[in-house]
Amino acid sequence: MSQSYTTQMDAARKGIFTPQMEQVLANEPISKEALMQGIAQGRIAIPANKNHLNLKAAGVGKGLKTKINVNLGVSKDVCCFDSEINKARLAIDYQADAVMDLSVSGDTEKFRKSLVEQIPVMIGTVPIYDTLTRTGKPTQDITLEEWFETVEIHAANGIDFITIHAGLNRKCAQSIKTNPRLCGIVSRGGAILFEWMEKTGNENPFYEHFDRLLEICRAHDVCISLGDGLRPGAIKDSTDAPQIEELITLGELTRRAWEKNVQVMIEGPGHVPLHEIEMNMQLQKKLCHNAPFYVLGPLVTDIAPGYDHITSAIGGALAAMHGADFLCYVTPAEHLRLPTADDVKEGIMASRIAAHAGDLAKGLKDAEISDHKMSKARGELDWEGQFDCALDPEKARQFRKSSQPEEKEVCTMCGDFCAVKRVGALLK
Ligand SMILES: C[C@H]1O[C@@H](n2cnc3c(N)ncnc32)[C@H](O)[C@@H]1O
Ligand SMILES: Cc1ncc(COP(=O)(O)O)c(N)n1
Ligand code: MET
Ligand code: SF4
Ligand SMILES: [Zn+2]
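The name given to the protein in an unreviewed UniProt entry is Phosphomethylpyrimidine synthase, with the source organism recorded as Desulfobacter latus.

Structure follows, in structure tokens:
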């Protein structure tokens with residue numbers, strides 16, 4: 001029987017169980033009914049472009065495991081697409097759930113197509129960047145048609161989710177001018193649109209013609225990741241009026257997307273101190289009607305360049321505990337350079353730890369089971385067992401091998417003072 005639906009949301013609302021939902025269900029601790037209801041209500045998104053043929057669909061949102069995204073792509077100064085494909089493969093090897101291509105130089109379409117062909121996880125892009133790269137024009141000369149053509153191209157290429165900073169309208173742009181900040185606008189897409197609006201005097205094209213965007217996204221089932229063009233890029237700038245005004249606008253746009261069965265995620269901050277993270281998660285869930293929340297970091301301090309995978313993992317864990325659904329990784333290269341392959345690996349591991357810590361706090365059964373397995377092996381001084389369930393078995397194995405104890409049950413930290421060995425028999 002041929003079942004007819006446009007998007008995953010449309011299908012869920014019609015009670016149709018899609019192959020993508022089936023793939024999600026196989027990997028998540030959720031019932032079929034809860035999954036379909038979550039998608040129908042917009043609390044869960046399955047970014048799955050109809051043209052991404054080798055995609056193994058994953059879900060983002062309520063009741064599902066916290067997902068992580070790997071950013072990659074070339075810039076003018078570091079422009080080697082082979083290295084970026086290598087990073088995408090690394091992302092798969094280290095079990096990232098998503099990859100975003102943020103390229104801003106060279107033949108972006110060729111690279112995008114090869115990513116879609118080779119990469120089986122959901123892929124995101126920011127068509128706003130690519131409009132500048134593709135046309136080679138100064139920002140103010142970009143036409144309405146050109147902004148939308150890029151969205152069409154990315155949708156046709158098979159991109160599963162696109163970041164669109166549609167909430168940064170003229171009203172929010174005014175707010176950023178009257179509320180002083182230390183770091184102004186740090187969002188690349190936000191900065192581009194702000195410049196375009198300032199220099200042309202026009203409204204944000206994606207805000208003004210939001211329905212046109214929805215038509216394209218619905219046709220290919222592209223999930224819109226509503227960008228946070230005014231996210232704070234400094235601890236002092238967090239949770240200020242411009243950030244919240246944009247968030248309110250994103251909430252209005254979310255409703256409009258859902259009316260057309262278009263799936264939505266909301267992008268979030270940014271640089272946020274620990275004590276404001278819970279509030280930020282609650283504000284997003286309230287103002288954006290429980291749409292899935294996709295956060296960058298949050299980075300909980302500004303002073304640790306070189307270690308921003310750590311500042312972000314601290315914030316990411318807390319954000320996930322308070323409801324963030326999707327963590328965008330941050331690498332040690334943040335604020336300093338385009339990441340190397342090693343930076344990418346460090347970023348992924350930090351982000352996976354944050355997501356898992358969040359899942360434990362969310363009470364997800366699968367997360368608990370992995371920890372119990374590790375604890376049992378640790379309590380039994382079962383080294384192979386510990387390596388088997390380690391997040392990075394290779395690293396764990398290499399560390400132990402590099403420093404071998406005289407008695408092989410223990411490790412060189414305590415040697416014959418091993419507490420676990422000392423009381424193990426007594427507690428049996
Ligand atoms: C919005 C986020 O995207 C990151 N970002 C921007 N461009 C790239 C790239 N080519 N590779 C990796 N990360 C990138 C920024 O460092 C910021 O963390
Ligand atoms: C979580 C998150 N937030 C933002 C962006 C886009 O980057 P930018 O806003 O700098 O264009 C992103 N790719 N992911
Ligand atoms: C301030 S540099 C831009 C990227 C940045 N880390 C951010 O907060 O989004
Ligand atoms: S990461 Fe570097 S190039 Fe990008 S906004 Fe920050 S300072 Fe500018
Ligand atoms: Zn930053």
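(A) Examining the UniProt feature "binding site: [4Fe-4S] cluster" (unreviewed entry) in the protein more closely. Look at the UniProt record and you will see "binding site: [4Fe-4S] cluster" (unreviewed entry) annotated at Cys411, Cys414 and Cys418. Note on placement: Cys414 falls in the loop between α18 (393-401) and α19 (419-424). The class for Cys414 is partly exposed, based on a relative accessible area of 41%. If near-sequence neighbours (up to four positions away) are discounted, Cys418 is found in contact with Leu381 and Val410.

(B) Summary view of the nonpolar core. Core analysis: the biggest nonpolar cluster contains 110 residues, and Phe206 and Leu213 have the highest contact counts within it. Considering every element that reaches this core, the biggest residue donor is helix α15 (residues 341-362), with six residues. Residues in contact with Leu213, not counting those within four places in the same chain, are Phe148, Val151, Ile162, Ile164, Phe206 and Ile224.

(C) Seen up close, the sheet that holds strand β7 (residues 223-226). Spatially, eight strands are ordered β3-β4-β5-β6-β7-β8-β9-β10 in a closed barrel, and the strand pairing comes out parallel. Pairwise comparison of adjacent strand axes, ignoring direction, gives a mean angle of 25 degrees for this sheet. Bridge count between strand β3 (residues 67-72) and strand β10 (residues 326-328): three bridges; the pairing is parallel. Looking at the pairing, Lys67 lines up with Phe326 of β10. Contacts from α15 reach β3 and β10, with the element oriented near 160 degrees to β3.

(D) Quick peek at the pattern of salt bridges. Applying the stated rule across the entire model yields 24 salt bridges. The partner of Arg112 in a salt bridge is Asp130, and the shortest N-O contact between them spans 3.1 Å. In this pair, Arg112 sits in helix α5 (residues 108-118) while Asp130 sits in helix α6 (residues 127-135), placing the two residues 18 residues apart along the sequence. On the accessibility criterion, Arg112 (2% relative accessible area) is buried.

(E) Representation of the domain arrangement of the protein in the model. In terms of domains, the protein is made up of domain 1 (8-363) and domain 2 (366-424). For domain 1 and domain 2, the distance between their C-alpha centroids amounts to 37 Å. In this assembly, nine residues from domain 1 lie in contact with seven residues from domain 2. Of the roughly 750 Å² buried between domain 1 and domain 2 on both sides combined, carbon and sulfur atoms contribute 59%. On the domain 1 side of the interface with domain 2, the three residues burying the most area are Met349, His356 and Leu360, jointly 45% of the side's total. Linking domain 1 with domain 2 are two salt bridges. Across the pair Lys65 and Asp366 runs a salt bridge, and its minimum N-O distance is 3.9 Å. Scanning the region where domain 1 abuts domain 2 turns up two residue pairs in polar contact (both at pLDDT 80 or more).

(F) Just the site of ligand 3, in detail. In the vicinity of ligand 3, the contacting residues are Val186, Arg231, His271, Leu296, Glu334 and His335. Across the complex, the protein chains shield 75% of the 300 Å² of accessible surface that ligand 3 would expose by itself. Of the residues belonging to the shell around ligand 3, the class tally is two nonpolar, two polar and two charged.

(G) Summary view of the coordination of the zinc ion (ligand 5). Donor atoms from the polypeptide that coordinate the zinc ion (ligand 5) comprise His271 (NE2) and His335 (NE2), at 2.1 Å from the metal. In this structure, the zinc ion (ligand 5) is surrounded by four donor atoms whose angles at the metal cover 70 to 164 degrees, and the resulting shape is irregular. One end of the pair, His271, is in the loop between β8 (264-268) and α13 (274-287); the other, His335, is in the loop between β10 and α15, with 64 residues separating them in the sequence. A relative accessible area of 8% places His271 in the buried class. Judged by relative accessible area, which is 51%, His335 ranks as exposed.

Cut-offs applied
- Residues numbered from 1 in each chain as written.
- Chains lettered and ligands numbered in written order.
- Predicted model: local features only at pLDDT ≥ 70, side-chain atom pairs only at ≥ 80, totals over all residues.
- Heavy atoms only, no water.
- UniProt positions renumbered as here; feature names shortened; annotations may be inferred.
- Helix = DSSP H or I, 4+ residues; strand = E, 2+ residues; numbered from the N terminus.
- Buried < 20%, exposed > 50% of the residue type's maximum accessible area, 1.4 Å probe, protein only.
- Contact = heavy atoms within 4.5 Å.
- Core = buried A, V, L, I, M, F, W, Y, C linked by side-chain atoms within 4.5 Å.
- Pairing = 2+ DSSP bridges.
- Axes fitted to C-alpha atoms, helices over the stretch in contact; angles between N-to-C directions.
- Salt bridge = Lys/Arg side-chain N within 4 Å of Asp/Glu carboxyl O.
- Domains from an automatic or database assignment.
- Buried area = accessible area lost by both parts, 1.4 Å probe.
- Polar contact = N/O pair within 3.5 Å; in protein donor to acceptor, adjacent residues only side chain to side chain.
- Near = heavy atom within 4 Å.
- Areas by Shrake-Rupley, 256 points an atom, 1.4 Å probe, with all protein chains shown as cover.
- Nonpolar A, V, L, I, M, F, W, Y, C, P; charged D, E, K, R; others polar.
- Donors = N, O, S within 2.8 Å, 3.2 Å for Na, K, Ca; no water.
- Tetrahedral: all angles 85-135°; square planar, octahedral: opposite > 155°, others 65-115°.

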